[in-house]
Amino acid sequence: MAVLTPELRAQAEAIVARYPRPRSAILPLLYLVQSVEGWVSPEGLREVAELLGLRTAEVEAVATFYTMIRPRPTGRHVVNVCTNLSCALRGGRDVYAAAREAAGLRPGEESSADGLFTVREEECLGACDGAPVMQVDFANHERVTPERARELLDALRRGEVPAPSRGAAPRDFRHACRILAGVEDLA
Amino acid sequence: MSREPVTLTIDGREITVPAGTLVIRAAERLGIEIPRFCDHPFLAPAGACRQCYVEIEGQAKLVTSCTTRVAPDMAVRTQVTSELVRRAQAANLEFLLLNHPLDCPVCDRGGECPLQDQALAFGPGESRYIEPKRTYRKPIPLSPLVNLDRERCVLCARCTRFCDEISGDRFIELYDRGAGERVSIAAGEDFRSPFSGNTIQICPVGALTATPYRFVARPFDLSSTDSTCAHCAAGCAIRVDVRRGKVVRVLARDDVEVNDAWICDKGRFAFAAPDRPERVTTPLVRARGLEPASFQEVLGEIAARCRGGRVGILVGGRLADEDAYALSKLARTVLGTNDLDHRRAFHGGRAELLAAARPMSVTYRDVEEAAAILVVGLDAEQELPILHLRIRKAARRGARVFVLHARRTRLHDLGEHLLVRPGHEAFALERIREALAAGGDGPEARIAAALAEAGERAVVLAGPRLAEHPLAADVALGLAERVGARFALCARRAGDRGALRAGVHPTLLPGGRRVTDDVERGQVEAVWGPIPAEPGRDAMGILRAAAGRELDVLYLVGVDPLRDLPDPALARRALANAGYTVIQGLELGELEPYADAFLPAAAAAERDGRVTTWEGRPRPLRAARAPLGLSRPDWEIFVGLAEALGADLGLGSLEAIRAEAEPLLAPREVPVRSSAWGAAGPPQWIEERVLFTYPLLVDEGRLLEGATELKAALEEEPFAEIHREDAEALGVADGGWVRVRTSAGDAVVRARVGETVAPGAVFVPFNQPGLPVAELLAGRFTVGVHLEPAAEPAAEEVA
């Protein structure tokens, strides 16, 4: 069963045409597949490789390098909490623990059984001035406290789209991936 | 690269090198060895391992000398004069060894390991790391040939860079990042590259190992001999490693004029055939059955049959140059015949004459430096793999590459293919020639424009697919001459060019002198004595003569006409009706029932001699061990047979053969004849479609016997490659079964449907397991064919 529908395939081909070399379209196409699957499956990797005329390994090498491309199924919302140095000094580890608890994760779990949340520890998110940083579907929330983390997850659970520290937020992880693939704009 | 020279100092010593030279190379010229892992002279700079730090005056930090290019007045200090560099290099080695297991005593690399050697020379004596080291599942098979031990890997990326830059077979990559970074292959995929073994050889640690060599030997148990690979006409420099009389490993040697630093997997891994139990190492003569006898006895018996009799000689593609010369002389001066041939298909024409008379019309270097390359009728990756790598190298340096062939080749990512039906190559070449004047915008016009623009820097490489169609090679030659391009008719097998040059040919004597030309024949007769003046029979003619009981002796030298020639039915009749059949080679195989006498020949690894590359370059073969049993080099057998017939060939040693051959093989001018081309139309078949076949690199050939892992890695099941249009018209599905029927026979194979062959063309590989395609042929390697969808054959029928 193909991951990309004929319509998405046409979108993929339009993305490839933007670049001088097909190889340059690896990341946008991985996001496109991720917007369909919520992760990038082995089948998805093969489809991207085939679309670009590359070996699967060439695509997988890129996919495994970037932590934004997920190798396992995710929940509707992907929450990344930075626990690198700046954020750790400002309480990032507590934020991470609170987010996990609010998502209802048991030890060892990355995604909640209800399919709503994936909570991950992340290395530097590049916003140390706003530490500790928590990303919801790639939108940064800065100076987050454990309480604020719980509030954010509760709001997501109610179907709301909490405003990030700057700009607008995508509706969910798959929506964010469509934006990053370049086939949709952030409203 | 050789622009303005640059003068700099390294450790206080002045040196002048071409601009653009890397500091590490400049240091090498001074004899200063900077430790390194990722640096490789044939790969682009990477700076991955951080081992080659040097200090450059005026720069705040140490730099990696493998990525830094020289500049005027640069003052470099290496570990020789800088304590800072010494400490940095030692620290880096300590770092690389943190998680590296100290399993050197059981590691294949132990004793010849750059990490071991450089840790000893440049590293700290002890590590401060006392924590447990990481361990992984090991080995991880990347293919049946290549294994990965992750713990030993230092992430230098030599292997992945080789696949990216040299072979283009990007099966392996560096996955993940940071502490998780690793060499990996996509799940469910095999490292299916015919060049995979090179990654093992360039691995600077024991992370990549070869299945056939794992735990087989220690470097200090090996006796090594420098020689030349005799699997094809590429002529790669190799080192043959022998342990207790058996070849256990073959490595590439560096040779910038031929193979750079690479060999193909066939050259590397197909070395077991001479040690198989089927090898026959004693002369045999038919009495009650085939019975062992002395050379003297068997040669005496053969001589009795030859004396006054009519002899026809078929030769395979494996003779060394000296063998070929001795045989050519034996046939003409002692056996009194021109009925000898080494070719599988008919060439003829001026292109062949030039190949016989003038070596080195195109060299590897010409290919590398070409601006435009036209490859015609050649699947270089499968037939001359190292030439394929040179063409890829040229393309990366900016050459435009075009392939005119019935089937897509592995140059498809770098070159433009023009797929033509087998037999139509000459007409496509004619269209290119017309486009030189007329222009246009089709592929022919693009090729014409690129060749014309490149002029002297254009190269035309003609391959075996042109052999069967009269004058096709000459049309390619004519095109090359018209644009001033260099031209080569590329021989595929190691012995082909040498045999052609020596006159193992029904109408050509040494140096391409024609039997029928009194002056040219006279030049050879001045050295050899009288030579029969009437032209001989070619390979198929010899078989027909034997089948028609016109030959008293059929002499088969390193050839199996049942497998190698395109008419097994004729070959069977020939073998049955020949008055007396002599087999000379490594084994009897299916020829056993037909043999009246057997002469055991030495394998390539067991004898000295020379082979000639497709370029015409002589390359040395050296014995890595003694011949098994009583077997001996072919030339000695020919000399012995002449003696048994009371003749002295005057060729008592390799040196004597070379001394006599040299003046006859000196480059000669060949009379210019315009090609009488233009009248005949393309070949017509009754059938709508045409089957064509050629051997893939790894097949059921005799010299691949025993190379189990190589076959597991690269050999393919039989298949028929069919164009999508034909498949749709016939109702054949990709992966479905198809019946292939010719006038000679039929077979059921799996269909591969796509756009990889020309419409109307059907490709079936020559000699795959369970499908001797020769049985479908009727005297040529192309044949009209009917296709129809078929049911899956019952197990015993499966091809």
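The rules behind each value
Within each chain, residue numbers correspond to sequence positions counted from 1 in written order. Whichever chain is written first is A, and whichever ligand is written first is 1; the rest continue in order. Predicted model: local features are reported for residues with pLDDT of at least 70 only, side-chain atom pairs are reported and counted for 80 or more only, and whole-chain, interface and lining totals are derived from all residues. With hydrogens and water excluded, all non-hydrogen atoms of the structure serve as input to the side-chain values. Counting from the N terminus, the helices are the DSSP runs of H or I reaching at least four residues and the strands are the DSSP runs of E reaching at least two. Partly exposed describes any residue whose relative accessible area lies between the buried limit of under 20% and the exposed limit of over 50%, with all areas from a 1.4 Å probe on protein chains only and scaled to the type maximum. In this description, contact between two residues means that some pair of their heavy atoms is separated by no more than 4.5 Å. Where a domain begins and ends is set by an automatic assignment or by a domain database. Here the quantity called buried area is the total loss of accessible area, with a 1.4 Å probe, experienced by two parts when brought into contact, counted for both. Here, a salt bridge means any Lys or Arg side-chain nitrogen found within 4 Å of an Asp or Glu carboxyl oxygen. Any pair of N or O atoms that falls within 3.5 Å is considered a polar contact. Within protein, one atom must be able to donate a hydrogen and the other to accept it, and sequence-neighbouring residues count only if both atoms are side-chain atoms. Here the term charged refers only to Asp, Glu, Lys and Arg, the term nonpolar to Ala, Val, Leu, Ile, Met, Phe, Trp, Tyr, Cys and Pro, and the term polar to all other amino acids, Gly among them. Both site types are read off a 1 Å grid over the protein atoms alone. A 1.4 Å probe that fits but cannot get out defines a cavity, while an open set with protein on both sides within 12 Å along at least five of seven lines defines a pocket; lining residues have an atom within 4 Å of a point. Grid points are joined across faces, edges and corners, and a volume is the space filled by probe spheres set on the points. Here the aromatic set is Phe, Tyr and Trp, taking the six-membered ring for Trp, and pairing holds for ring centres within 6.5 Å; pairs whose planes are under 30 degrees apart are stacked, those over 60 apart are edge-to-face, and all others are tilted. Charge-over-ring placement is defined geometrically: NZ (Lys) or CZ (Arg) within 6 Å of the ring centre, and within 35 degrees of the ring normal. For two strands to be treated as a pair, DSSP must find at least two bridges joining them. Geometry is summarised by axes, namely lines fitted to C-alpha atoms with helices restricted to the contacting stretch, and by angles between N-to-C directions that run from 0 to 180 degrees. Only buried residues count toward a nonpolar core. Its members are Ala, Val, Leu, Ile, Met, Phe, Trp, Tyr and Cys residues joined through side-chain atoms within 4.5 Å.

## Some remarks on the overall build of chain A
- Along its length, chain A carries 8 helices and 4 strands.
- When the backbone C-alpha atoms are referred to their principal axes, chain A occupies close to 45 × 35 × 35 Å.
- In chain A, buried positions account for 50% of the 187 residues.
- For chain A, contacts bridging at least 24 residues in sequence account for 64% of all contacts bridging at least 6.

## Observations concerning the domain arrangement of chain A
Residue and element names in this part refer to chain A.
- Considered domain by domain, chain A is made up of domain 1 (6-71 + 177-181) and domain 2 (77-169).
- Surface buried jointly by domain 1 and domain 2 totals about 410 Å² across both partners, of which 59% is contributed by carbon and sulfur atoms.
- Broken down residue by residue, the surface that domain 1 buries against domain 2 is led by Thr 67, Met 68 and Arg 70, which jointly contribute 77%.
- Taken together, the connections running from domain 1 to domain 2 amount to 1 salt bridge.
- For Glu 110, the salt bridge goes to Arg 70, with nearest N and O atoms at 3.5 Å.
- Applying the counting rule to domain 1 against domain 2 returns 1 residue pair in polar contact (both at pLDDT 80 or more).
- Looking at the side of domain 1 that touches domain 2 residue by residue, the classes come out as 4 nonpolar, 1 polar and 1 charged.

## Points about the layout of surface pockets
- Within this model, the largest pocket holds a volume of roughly 1500 Å³.
- What lines the largest pocket is a set of 39 residues, and nearest its centre among them are Arg 55 of chain A together with Asp 169, Arg 408, Arg 410 and His 412 of chain B.
- Of all the elements in the fold, those that place two or more residues in the lining of the largest pocket are helix H3 (42-52) and helix H4 (56-65) of chain A together with helix H11 (380-383) and strand E33 (746-754) of chain B.
- Across the lining of the largest pocket, the residue classes tally to 12 nonpolar, 8 polar and 19 charged.

## Description of unusual backbone geometry
- Of note, the amide linkage connecting Ala 131 of chain A to Pro 132 of chain A takes the cis form, showing an omega dihedral of -5 degrees.
- Along the chain, Pro 132 of chain A turns up in the loop between strand E2 (117-122) and strand E3 (134-136).
- Here the bond from Lys 138 of chain B into Pro 139 of chain B is cis, since omega is -10 degrees, no more than 30 degrees from zero.
- Mapped onto the elements of the fold, Pro 139 of chain B is located in the loop between helix H3 (114-122) and strand E6 (140-141).
- At Ala 157 of chain B, a residue that is not glycine, the phi angle is positive and equals roughly 70 degrees.
- Locating Ala 157 of chain B in the fold gives a position in the loop between strand E7 (146-148) and helix H4 (158-167).
- Of note, Arg 549 of chain B is a non-glycine position whose phi angle comes to about 60 degrees, a positive value.
- Looking at the element boundaries, Arg 549 of chain B is found in the loop between helix H18 (539-547) and strand E25 (553-557).
- Residue Arg 549 of chain B is classed as exposed on the basis of its relative accessible area of 57%.

## Some thoughts on the packing of aromatic side chains
- Inspection of every chain in the model, using the stated rule, returns 14 aromatic pairs over all chains.
- For the ring pair Phe 138 of chain A and Phe 173 of chain A, a centre distance of 5.5 Å and an interplane angle of 45 degrees mean the geometry is tilted. Placement of Phe 138 of chain A in the loop between E3 and strand E4 (139-141) and of Phe 173 of chain A in helix H8 (residues 173-181) is noted, with a sequence separation of 35 residues between them.
- On the accessibility criterion, Phe 173 of chain A (1% relative accessible area) is buried.
- Pairing Phe 692 of chain B with Phe 763 of chain B gives two aromatic rings, centres 5.3 Å apart and planes at 50 degrees, and the pair type is tilted. Placement of the pair is Phe 692 of chain B in strand E30 (residues 689-692) and Phe 763 of chain B in strand E34 (residues 761-763), with a sequence separation of 71 residues.
- Of the residues examined, Phe 763 of chain B reaches a relative accessible area of 0% and is grouped as buried.
- Joined through ring pairs, the aromatic side chains of Phe 692, Tyr 694, Phe 719 and Phe 763 of chain B make up one cluster.
- When the ring centre of Phe 65 of chain A is taken as origin, the NZ or CZ atom of Arg 177 of chain B, which lies over that ring, is 4.2 Å away.
- Looking at Arg 752 of chain B, its charged tip hangs above the ring of Phe 719 of chain B, at a distance of 3.7 Å from the centre.

## A word on the pattern of salt bridges
All names here are of chain B.
- Scanning the model with the defined rule gives 88 salt bridges over all chains in all.
- Across the salt bridge formed by Arg 486 and Asp 366, the nearest N and O atoms sit 3.3 Å from each other. On the criterion of sequence distance, the pair formed by Arg 486 in strand E22 (residues 486-489) and Asp 366 in helix H10 (residues 364-368) is long-range, its members being 120 residues apart.
- By relative accessible area, which is 36% here, Arg 486 ends up partly exposed.
- One salt-bridge network, in which partners are shared between bridges, spans Asp 103, Lys 138, Asp 149, Glu 151, Arg 152 and Arg 214.

## Some points on empty space enclosed by the protein
Residue and element names in this part refer to chain B.
- Going through the model one piece at a time under the given rule, you end up with 5 cavities of 30 Å³ or more.
- Counted as a void, the second largest cavity has a volume near 510 Å³.
- Together, 32 residues line the second largest cavity, and Arg 344, Ala 345, His 347, Pro 464 and Ala 467 are the ones closest to its centre.
- It is helix H16 (residues 496-502) that contributes the most residues to the lining of the second largest cavity, 3 residues altogether.
- Of the residues that constitute the lining of the second largest cavity, the class distribution is 15 nonpolar, 6 polar and 11 charged.

## Details of the sheet that holds E33 of chain B
All names here are of chain B.
- Taking strand neighbours around the barrel as the criterion, the 6 strands line up as E30-E34-E31-E33-E32-E37 in a closed arrangement whose pairing is mixed. The average angle at which neighbouring strand axes cross in this sheet is 45 degrees, direction not considered.
- Sheet topology places E30 next to strand E37 (residues 782-789); 4 bridges connect them, and they run antiparallel. Within E37, the position partnered with Leu 691 by the bridge is Val 783.

## Brief notes about helix H21 (residues 634-644) of chain B
All names here are of chain B.
- Counting buried residues in H21 gives 8 out of 11 residues, a clear majority hidden from the surface.
- All of the buried residues in H21 are Asp 634, Trp 635, Ile 637, Phe 638, Val 639, Gly 640, Leu 641 and Ala 642.
- The elements touched by buried residues of H21 are helix H7 (295-306), helix H8 (321-334), E25, strand E26 (581-585), strand E27 (597-600) and helix H22 (654-664).
- Phi for Gly 646, located one or two positions after H21, is positive at around 80 degrees.

## Focus on the side chain of Thr 83 of chain A
- Tracing the chain through its elements places Thr 83 of chain A in the loop between strand E1 (77-82) and helix H5 (85-89).
- Once residues lying within four places of it in the same chain are set aside, the contact partners of Thr 83 of chain A are Ala 88, Gly 92, Arg 93, Tyr 96, Glu 121 and Glu 122 of chain A.

## Describing the interface of chain A and chain B
- Between chain A and chain B, the contact holds 11 residues from the first and 11 residues from the second.
- When chain A packs against chain B, close to 1000 Å² is buried across both sides, 52% of that on carbon and sulfur atoms.
- Three residues stand out in chain A for area buried against chain B, namely Arg 55, Ala 57 and Phe 65 of chain A, and they jointly supply 45% of the buried area on that side.
- Counting the contacts that link chain A with chain B gives 0 salt bridges.
- For the interface between chain A and chain B, the tally reads 4 residue pairs in polar contact (both at pLDDT 80 or more).
- For the side of chain A that touches chain B, the element with the highest residue contribution is H4 of chain A, accounting for 7 residues.
- Looking at the side of chain A that touches chain B residue by residue, the classes come out as 4 nonpolar, 3 polar and 4 charged.

## A short note on the pairing of E27 of chain B
Residues and elements named next belong to chain B.
- Neither face of E27 is exposed, since Ala 597 and Leu 599 on one face and Phe 598 and Pro 600 on the opposite face are all buried.
- Inspection of the sheet shows strand E14 (residues 284-286) paired to E27 by 2 bridges, in the antiparallel sense. Bridging from a neighbouring strand, Leu 284 pairs with Phe 598 of E27.
- Across 4 bridges, the pairing between E26 and E27 is parallel. Its bridge partner lying in E27, Gln 584 is registered against Leu 599.

## Examining the nonpolar core
All names here are of chain B.
- One finds Ile 373, Leu 387, Ile 391, Leu 461 and Trp 614 to be the most contacted residues of the largest nonpolar core, which totals 110 residues.
- The greatest single-element share of this core, amounting to 6 residues, is contributed by helix H12 (residues 385-396).
- Excluding its chain neighbours within four sequence positions, the residues that come into contact with Leu 461 are Val 362, Val 367, Ile 373, Leu 374, Val 375, Val 376, Leu 387, Ile 391, Ala 488, Cys 490 and Trp 614.
- With 48 residues, the next largest nonpolar core counts Leu 335, Val 515, Val 639 and Leu 654 among its residues.

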